[in-house]
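Summary of structural features
Spelled out, the chains give:
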Amino acid sequence: MKVVQTLLSKPLGRLICAALFTLSFTLCVRALAPGVAVAPDFSAGSPGAEVIVEIMPGETGSQIAAKLESAGVVKSALAFFRVAVGDERSGRIAAGEHKLESRIPAKEALNQLLDPQRIPNLIVIRDGERLNEISENLAKFGFTPQQLTVALTAVKPPEPFASKSLEGFLYPAHYSFNKGVSAEEVIGSMVEKFLSATSDVSWHYRKFTPYELLTIASLVQTEGTPDVFGNVARVIYNRLEKGIALQFDSTVHYALNRRGEIRVSVEDTKVKSPYNTFLRQGLPPGPIGSPTKAAIDAALNPPLGDWLYFVTVKPRDTRFTSSYDQFLQWKTEYKKNFKAGLFE
């Protein structure tokens with residue numbers, strides 16, 4: 001099958017800041033915008049000098065927009081309000097320091113606030129990133145192996161998950177920390193971000209445990225793209241229900257600690273590992289990476305469908321079917337496209 005927050009004395013405050021950001025903007029726009037017809041905005045093409053703007057934990061949308069206006073980044077707070085409220089990406093703005101150009105359009109200000117290259121002391125956890133990969137990132141940040149081992153032991157997975165490992169719980173996001181922060185604080189903040197991002201999730205679907213649902217979400221994240229997350233989840237449930245091995249390449253890559261390869265060989269599928277879903281029926285014993293909220297939602301709310309197979313024939317073209325013959329035809333098409341370099 002186919003295959004920031006700046007940490008101050010209250011890290012949780014910064015973690016939830018981004019989650020509340022969009023709501024704060026909406027409320028503040030309603031409070032400040034009545035009767036205002038025009039929101040002055042700078043024209044594109046003539047930015048001024050760079051300035052440092054720090055987004056503090058707990059700041060409201062009006063405070064952030066006013067800070068941008070005061071720093072000369074945007075011409076008016078209202079111009080930034082209107083851009084941010086109309087763009088769902090604004091919910092990803094992280095607390096912490098941001099290096100921004102002055103005298104720029106409000107839309108560009110939002111783009112720069114979301115630009116990881118403009119956030120000092122940045123740690124980026126990618127969608128679906130594995131625990132060992134996150135540990136490598138934290139080592140580059142300056143933590144020793146011993147510090148990471150102690151922190152990963154000290155920070156516990158949240159309830160109601162019966163797990164001894166933090167695999168799957170370090171939420172994908174941009175984080176910015178002061179250099180004096182401890183490894184335990186950093187990892188704890190990532191778990192708190194997971195809790196914040198999933199605060200509205202009810203971890204119930206059929207007879208699956210919360211930990212099994214998180215595992216399914218991690219498979220959805222790794223096997224699919226956001227536009228087909230739901231369909232991938234449905235394939236997983238259908239195959240489990242029929243007692244068919246999942247046979248996901250991603251689980252073999254995880255077992256082999258390998259990343260970046262699209263295909264697995266016949267020999268690869270023989271690796272002895274509880275994560276090898278070619279040899280082992282059912283779910284792997286735990287998550288194979290950190291899923292996003294979108295993948296979690298897909299795992300908990302899959303669409304109806306009888307699909308048992310899927311294959312990405314070419315980039316942005318993933319097809320689903322209940323017919324093995326149809327799957328084999330599409331797989332032949334995939335191999336042809338792969339040889340032609342479409343996946344490079």
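Definitions and cut-offs
- Residues numbered from 1 in each chain as written.
- Predicted model: local features only at pLDDT ≥ 70, side-chain atom pairs only at ≥ 80, totals over all residues.
- Heavy atoms only, no water.
- pLDDT = per-residue confidence, 0-100.
- Contact = heavy atoms within 4.5 Å.
- Salt bridge = Lys/Arg side-chain N within 4 Å of Asp/Glu carboxyl O.
- Buried < 20%, exposed > 50% of the residue type's maximum accessible area, 1.4 Å probe, protein only.
- Helix = DSSP H or I, 4+ residues; strand = E, 2+ residues; numbered from the N terminus.

Right, let's get into the confidence of the model for the protein chain. In the predicted model, the protein chain carries a mean pLDDT of 88, and 88% of its residues have values of at least 70. Low confidence marks residues 2–34, where pLDDT is under 50. Its contacts with residues over four positions away, or in another chain, come to 91 contacts.

What follows is about the pattern of salt bridges. Under the defined criterion, the tally for this structure stands at 13 salt bridges. Measuring nitrogen to oxygen at the nearest pair gives 2.9 Å for the salt bridge that ties arginine 89 to aspartate 87. Since its relative accessible area comes to 34%, arginine 89 is described here as partly exposed. Put simply, arginine 118 and aspartate 115 hold a salt bridge, and the shortest N to O gap is 3.9 Å. The exposure class assigned to arginine 118 is buried, which follows from its relative accessible area of 15%. Residues participating in the shared-partner salt-bridge network are Arg126, Glu129, Glu133 and Arg259.

Trans peptide bonds make up the majority, and among non-glycine residues the majority have a negative phi. A cis amide bond links glutamate 159 to the next residue, proline 160, at an omega of 5°. With respect to the element layout, proline 160 can be found in the loop between α6 (145–154) and β4 (174–176). With a phi angle near 50°, arginine 206 is a residue other than glycine that sits in the positive phi range. Note that arginine 206 resides in the loop between α7 (183–197) and α8 (210–223). The backbone of arginine 316 sits at a positive phi, close to 70°, despite the residue not being glycine. Residue placement: arginine 316 occurs in the loop between β5 (309–314) and β6 (317–321). Arginine 316 gets classed as exposed once you look at its relative accessible area, which sits at 81%.

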